[in-house]
Structure formats: C-alpha cells, structure tokens
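# Remarks on the overall topology
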Amino acid sequence: MKFLIFLISRIPLEALRSVAALIGRLMYRLAPGYRERIKENLRRAGIYSEALARQVAEQQAIQGVEAPWVWGRGRHKVLELTRGEDKTIDLIDQAIRSGRSIIFLTPHIGCYEVAPMWVAERWLKGSDREFAVLYRIPRKSYLRNIVGQGRISENIVPASADLKGVRQIIRIMKHGGITGILPDQVPSNGEGLWVNFFGEPAYTMTFPMRLAKQFNAQVILARALREKGGWCIYCEPLDYQVTGDLLKDTAVMNQKLAETILKSPEQYLWSYNRYKCPQGVIKPTQNEKSS
C-alpha cells in the first residue's frame, strides 16, 4: 500500500486528476447504487441536475486520489500548490492572535488534507501550539498506520476517533491549540443526536459543539477547494455563540455546514450515506421527524 501511495504521488497532479475524473465518470455509469445515492442526496438538498450529478462523480474520484497524493508528496510540495483567500488569512490571523483555542469544521468537500498543513506552516511553525486532526480509524488494518502516519507533520497531531484521540485533543485545546473535525461523519451510538441536515434527520456528532463550549473556542468553517494546479482555502467564522444546549448547537452546526456545502456543491461527497442509523441507535419516529 505504501508503494501504491508512492506511485500515485509521483504522477503530476493535473494528470492524476484527469485520470480520476475519467474513472469517476465510469463509476457513475456502471455502478447504479453509487449513482442513485448521489442523485438522492442532491435531491434532498434541492439542487439535483444530471449535469451536477456527473460533475460530483468526477470530483469524488479526484478526492479519492488526492489524499494519497498529498501524503506521498509531503508538506512543502503540497504548500507550493496551496493558497488562501485574503479574508481567510485575516480571519485566521485574528484568531491566532487572540490566543483562544480554535476549532475548524470542515465538511467532506474538496481536499481537506491540505488545510491543516497550510495553517500549521503559516501560523504554528516554530511555536509550541499544535493542530489536532480528528480522524476515523479505518476498518482495514493495513490502512490504519498509513492513514495516521500520512497526516503527521510539524505541529500536526493525528487524533484517532477514540478515547486516546479525545484525550490528545483535550490536552492540545487546554494549551490554546487547534482542532480540525469533519463533522458530517455519522458518529457511533451514544455520540450523537438526531438533527436535521438538508431537511432530514441525520445522526449528528455532538463532540465539536461540546468541545467549543468547554474551551470557549472560536469555531471556523473551512473549505479547501481544488482549483487548477492546486487548492485554495476559504474560511468563515461560525458567527454563533455556543449555548451548551446540544440539540440547538448541533442544529445550528448542521445548518451552517449545509450553507458551506452549497457554496461549492460539486466538490462535496454526496455519495456518503449521511442518513444511516448506527447500530444500537433508535431512529426517530415519523412524528419526531415532522416536528
């Protein structure tokens, strides 16, 4: 697997994207379950068109190969291809200078692997502040070390989505650190609440909002969108005072995530089964759904 990552990372980025886009088009055509999931989720969001669905399939295939390309190339090469818009730089400048802990909420959009590298290089290098990246441990054992090790870089600490990882995050946040979370993943039983996402109940993780309340952290919504030759980082403040009411806080989080996704819908992971019910979790009744 490591050798495969090495091979992928040797391919020029735009050539790799072109090949991946072709594979994405073939998957959309030949895999009916995959195709229907994309269409169904786009309809939930009220933005379905056949042209957009095909574009999503291409972009998702590109997303799938960009992560190993980033891991194999290393931080400095990736950063040569990464930039941030002016408003984003100003926002992070102010957040860093405040000394507060920061939580970046990044939906599965674009290439979310590059944003922590960019932030760590530009604002954390040479300091003792750390950026914890929460990640889901792969089920396949041969991927576990690769996924974790691939995210290690100066000032960046991969934190697995288990008790050990949570302890790492809390330690880092206590010292004014930063945490990056993909909050549109379906959490395990006991770690979420049923909250609307694009108008339909989705089991939603509460950890980001609990963490924000505990450390009075500044919450920033981030997108690392692919553009020709690389990526551009876009960030916006959550603009919401976390209350500690988890149902209300997670509802606001999901609404803001949806707004963020709709700014660049073609690069979002619409094939993900966001509305599945984890084992042991009770689905809301029809009355609860409509309330």
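In the block above lies the structure referred to throughout.
Now for a look at the structure at hand. These numbers come from a predicted model, not from an experiment.

In this sheet, strand S7 (residues 200-205) lies alongside strand S6 (residues 192-197) in antiparallel orientation, the contact comprising six bridges. What sits directly across from Leu193, in S7, is Thr204. From the end of S6 to the start of S7, which pair antiparallel, there are two residues, and Phe198 there has a positive phi angle of about 55°.

Turning our eyes to something else, we now look at unusual backbone geometry. Even without a glycine there, the phi angle at Asn155 is positive, about 70°. In this structure, Asn155 sits in the loop between helix H8 (141-150) and strand S4 (156-160). Non-glycine residue Phe198 carries a positive phi angle of around 55°.

What follows covers the side chain of Arg274. With respect to the element layout, Arg274 can be found in the loop between helix H11 (246-261) and helix H12 (286-290). Polar contacts involving the side chain of Arg274 include one to the main-chain carbonyl oxygen of Tyr203, which spans 2.8 Å. Once you skip the residues sitting within four places of it in the chain, Arg274 turns out to touch Pro183, Asp184, Gln185, Val186, Phe197, Ala202, Tyr203, Thr204 and Asn254.

On to the sheet that holds strand S1 (residues 82-84). Strand order across the open sheet formed by seven strands is S1-S9-S8-S2-S5-S3-S4, with mixed pairing between neighbours. Each having just a single partner strand, S1 and S4 make up the two edges of the open sheet. When the angles between neighbouring strand axes are averaged without regard to direction, this sheet yields 25°. Bridging between strand S3 (residues 131-135) and strand S5 (residues 178-181) involves three bridges; their strand directions are parallel. Bridged to Ala132 within S5 is Thr179.

In this section: the pattern of salt bridges. Overall, the coordinates contain 17 salt bridges when judged by the stated rule. Between Glu200 and Arg44 there is a salt bridge, with its nearest N and O atoms 2.7 Å apart. Note that Glu200 is positioned in strand S7 and Arg44 in helix H3 (residues 32-44), a separation of 156 residues in sequence. Salt-bridge contacts for Arg75 lead to Glu121; the nearest nitrogen and oxygen are separated by 3.1 Å. Taken as a pair, Arg75 in helix H5 (residues 75-80) and Glu121 in helix H7 (residues 114-124) lie far apart in primary sequence, 46 residues in all. Since its relative accessible area comes to 8%, Arg75 is described here as buried. Through salt bridges with shared partners, a single ionic network connects Arg35, Glu36, Lys39, Glu50 and Arg54.

Scanning the entire structure with this criterion turns up eight aromatic pairs. Ring geometry for Trp118 versus Trp123: centroids 5.2 Å apart, planes at 80°, classification edge-to-face. Each member of the pair, Trp118 as well as Trp123, carries the same accessibility label: buried. Ring plane angle 55° and centroid distance 5.4 Å describe the contact between Trp194 and Tyr203, whose orientation is recorded as tilted. Among the residues examined, Trp194 registers a relative accessible area of 21% and is labelled partly exposed. Joined through ring pairs, the aromatic side chains of Phe197, Phe198, Tyr268, Trp270 and Tyr275 make up one cluster. Against the face of Tyr275 rests Arg44, its NZ or CZ located 4.0 Å from the ring centre. Sitting over the ring of Trp123, Arg122 keeps its end group 5.3 Å from the ring centre.

Among the nonpolar cores identified, the biggest contains 42 residues, and Ile38, Ile103 and Trp270 are the most heavily contacted of them. Of all the elements, helix H10 (residues 207-215) adds the most residues to this core, at five residues. Leave out the neighbours within four places in its chain, and Ile103 touches Met173, Thr179, Ile181, Pro208, Leu211, Ala212, Ala217, Gln218, Val219 and Ile220. In terms of nonpolar packing, the next biggest core, distinct from the first, is built from 33 residues, Ile8, Trp118, Ala120 and Leu124 among them.

Turning our attention to helix H4 (residues 50-73). Between the first and last C-alpha of H4 there are 35 Å, a value that for 24 residues agrees with the 34 Å anticipated at 1.5 Å per step. The axis of H4 is deflected most strongly, by about 25°, at Val65, and proline Pro68 appears within four residues downstream. Phi turns positive, to about 90°, at Gly74, one or two residues after H4.

Mapped onto the elements, Lys164 comes out in helix H9 (residues 163-174). For Lys164, a relative accessible area of 59% puts it in the exposed group. The spatial distance from the C-alpha of Lys164 to the C-alpha of Ile102 is 20 Å, given a sequence separation of 62 residues.

What counts and how
- Residues numbered from 1 in each chain as written.
- Predicted model: local features only at pLDDT ≥ 70, side-chain atom pairs only at ≥ 80, totals over all residues.
- Heavy atoms only, no water.
- Pairing = 2+ DSSP bridges.
- Helix = DSSP H or I, 4+ residues; strand = E, 2+ residues; numbered from the N terminus.
- Polar contact = N/O pair within 3.5 Å; in protein donor to acceptor, adjacent residues only side chain to side chain.
- Contact = heavy atoms within 4.5 Å.
- Axes fitted to C-alpha atoms, helices over the stretch in contact; angles between N-to-C directions.
- Salt bridge = Lys/Arg side-chain N within 4 Å of Asp/Glu carboxyl O.
- Buried < 20%, exposed > 50% of the residue type's maximum accessible area, 1.4 Å probe, protein only.
- Phe/Tyr/Trp six-rings, centres within 6.5 Å; stacked < 30°, edge-to-face > 60°.
- Lys NZ or Arg CZ within 6 Å of the ring centre and 35° of its normal.
- Core = buried A, V, L, I, M, F, W, Y, C linked by side-chain atoms within 4.5 Å.
- Expected span 1.5 Å × (residues − 1).
- Bend = angle between axes of the 7 residues up to and from the residue.

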